[in-house]
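# Examining the three-dimensional arrangement
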Amino acid sequence: MRAHRHGWGGVAGMALACTLAVAGTLVPLRDDAAPAQARSSGPVVRADYAAAADCANSQVPSLSPASGSLDGPTVEAIKKRGRLRVGVDQNSYLWGFRDPATGQFAGFDIDLVKAIAKDILGDENAVQYLTVPTNKRIDKIQHGNVDMVVRTMTISCKRAEDVAFSAPYFSAGQQILSAEPDITGYNDSLKGKTVCTASGSTGEDVLNGDMPTSPAPLAGTEPKHGAHVVTVANQLDCLVLLQLHKADAVFTDNALAAGQAAQDPTVHLKGGPVTVEPYGVAMKLGDDDLVRRVNKVLAAYIADGRWAAAYHKWLVSELPNMAPPSPLYK
């Protein structure tokens with residue numbers, strides 16, 4: 001399915017102009033472009049961090065929808081307000097972006113937001129979308145600016161100390177995106193190169209060496225590999241730097257990189273993913289009724305085929321052979 005890609009070059013052009021005050025457009029993905037779901041050429045590790053008290057085997061369990069209230073004070077406040085306030089991205093093609101044909105938000109993440117709003121408020125359009133940069137996602141939740149963030153946000157033990165997560169709704173992995181033929185993946189071919197990643201992302205944590213090292217060092221996750229690292233507020237800005245030849249490679253979730261490769265046929269994913277990163281809906285700590293309610297929506301969303309429908313609409317061409325991850329409840 002290619003119809004939803006028409007006109008995206010204009011959106012990318014606006015992102016270029018707004019971000020770095022340069023003109024430019026991005027080209028739709030060629031049919032012969034490299035697939036995003038490359039096989040890993042080395043060890044794959046979880047992108048989880050120092051174990052929090054409720055992390056089991058470096059996984060973060062969520063609250064079961066089968067126990068506890070699904071309609072407590074947080075959900076009631078949303079109903080009284082009459083709209084769901086959600087932090088999203090507007091620049092991640094296929095995930096969360098403004099459709100240039102309609103001006104509306106669209107993508108895999110946005111379809112999930114609509115399902116949550118429909119369940120709580122009876123109207124999938126009863127949503128106030130608030131765009132938030134990668135490094136402000138947790139702040140916006142903690143300060144009550146949003147009810148939740150649905151923005152390709154990796155669940156980790158470290159982040160679970162600051163926000164509450166739903167069960168996972170997708171699984172991705174950090175991978176190198178580049179047009180350089182001599183860059184082959186997240187390895188020593190990055191020596192002397194400039195690598196871009198988003199500030200506050202798990203990609204930045206990997207590059208900085210903030211990965212678990214016990215019981216033994218994790219092969220394939222050496223920090224930086226001799227590269228110079230630059231960070232930006234939003235991941236799409238890395239693609240802009242790549243196109244301006246101010247960066248040689250991007251390090252990001254392969255799910256996000258798939259959207260960037262769909263915009264620019266000169267760039268490809270290199271090597272394989274070096275982490276396993278589950279995406280979750282992030283909410284405020286203590287909003288247990290909302291967490292349980294979202295998990296109820298997720299379970300139904302997967303069971304009745306809506307997850308598969310959204311996947312085939314947005315992601316199957318760039319991320320083939322994916323399935324919804326299994327929940328882990330407390």
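Each value, and the rule that gives it
- Residues numbered from 1 in each chain as written.
- Predicted model: local features only at pLDDT ≥ 70, side-chain atom pairs only at ≥ 80, totals over all residues.
- Heavy atoms only, no water.
- Axes fitted to C-alpha atoms, helices over the stretch in contact; angles between N-to-C directions.
- Helix = DSSP H or I, 4+ residues; strand = E, 2+ residues; numbered from the N terminus.
- Parallel < 35°, antiparallel > 145°, perpendicular 65-115°, else oblique.
- Left-handed = near helix turned anticlockwise from the far one by under 90°.
- Contact = heavy atoms within 4.5 Å.
- Nonpolar A, V, L, I, M, F, W, Y, C, P; charged D, E, K, R; others polar.
- Polar contact = N/O pair within 3.5 Å; in protein donor to acceptor, adjacent residues only side chain to side chain.
- Pairing = 2+ DSSP bridges.
- Phe/Tyr/Trp six-rings, centres within 6.5 Å; stacked < 30°, edge-to-face > 60°.
- Buried < 20%, exposed > 50% of the residue type's maximum accessible area, 1.4 Å probe, protein only.
- 1 Å grid on protein atoms, 1.4 Å probe; cavity = no way out; pocket = protein on both sides within 12 Å on 5 of 7 lines; lining within 4 Å.
- Points joined across faces, edges and corners; volume = space filled by probe spheres on them.

## A word on the packing of helix α3 (residues 108–121) against helix α8 (residues 288–303)
- Where α3 contacts α8, the axes come no closer than 10 Å and their chain directions differ by 115 degrees. Relative to α8, the element α3 lies roughly perpendicular. For the crossing formed where α3 meets α8, the hand is right-handed. Residues Asp111, Leu112, Ala115, Ile116, Asp119 and Ile120 of α3 pack against Leu290, Arg293, Val294, Lys296, Val297, Leu298 and Tyr301 of α8.
- Its residues assigned to classes, the contact of α3 with α8 comprises nine nonpolar, no polar and four charged.

## Topic: the packing of α3 against helix α9 (residues 306–314)
- Where α3 contacts α9, the two axes come as close as 9 Å, and the packing angle between them is 150 degrees. In terms of orientation, α3 and α9 fall into the roughly antiparallel class. Crossing of α3 over α9 shows right-handed handedness. Along the contact surface, α3 presents Phe108, Asp111 and Ala115, while α9 presents Arg306, Trp307, Ala310, Tyr311, Lys313 and Trp314.
- Of the residues in the contact of α3 with α9, the class split is six nonpolar, no polar and three charged.

## A few points about the environment of Lys79
- Structurally, Lys79 is set in helix α2 (residues 73–81).
- For the pair Lys79 and Gly122, spaced 43 residues apart in the sequence, the C-alpha separation amounts to 9.7 Å.
- Those residues in contact with Lys79 that sit more than four places away from it in its chain are Asp71, Ile120, Leu121 and Arg293.
- Within polar-contact distance, the side chain of Lys79 engages the side chain of Asp71 at 3.1 Å.

## Some words on the sheet that holds strand β4 (residues 96–98)
- Reading across the sheet, the three strands line up as β3-β4-β5 and stay open at both edges, with antiparallel pairing between neighbours. Single-partner strands in this sheet number two, and they are β3 (91–92) and β5 (105–106).
- Examined bridge by bridge, β3 and β4 share two bridges and lie antiparallel to one another. Paired with Ser92 across the bridge in β4 is Gly96.

## Side note on the packing of aromatic side chains
- This structure, assessed with the given rule, holds 14 aromatic pairs.
- On the numbers, 6.5 Å between centres and 25 degrees between planes, the contact of Phe108 with Tyr169 is stacked. Here Tyr169 lies in the loop between β8 (164–165) and β9 (170–172) and Phe108 lies in helix α3, a separation of 61 residues in the sequence. Of the two residues, Phe108 and Tyr169, both sit in the buried class.
- A ring pair is formed by Phe108 and Trp307, whose centres lie 5.8 Å apart and whose planes are at 85 degrees; its orientation type is edge-to-face. Taken together, the positions of Phe108 in helix α3 and Trp307 in helix α9 put the pair 199 residues apart, joining distant regions of the chain. As far as burial versus exposure is concerned, Phe108 and Trp307 are alike and both buried.
- Within the aromatic cluster, the residues linked to one another by ring pairs are Trp95, Phe108, Tyr169, Phe170, Tyr279, Trp307 and Tyr311.

## Some words on the sheet that holds strand β2 (residues 84–88)
- Strands sit in the order β6-β2-β7-β16-β8 across an open sheet of five strands; the sheet is mixed. The open sheet terminates on both sides in strands that have one partner only, identified here as β6 (127–131) and β8.
- In this sheet, strand β7 (residues 148–149) lies alongside β2 in parallel orientation, the contact comprising two bridges. Across the sheet, the residue bridging to Gly87 is Val149, located in β7.
- Contacting β2, β6 and β7, α3 runs over the sheet at an angle of about 165 degrees to β2.

## With respect to empty space enclosed by the protein
- Following the criterion strictly, the structure yields two cavities of 30 Å³ or more and no others.
- Of the pockets and cavities examined, the largest cavity occupies roughly 130 Å³.
- Along its surface, the largest cavity is lined by 19 residues, and Thr134, Arg137, Ser201, Asp253 and Leu256 are the ones closest to its centre.
- Elements supplying a minimum of two residues to the lining of the largest cavity: β11 (194–198), α5 (202–207) and β13 (249–253).

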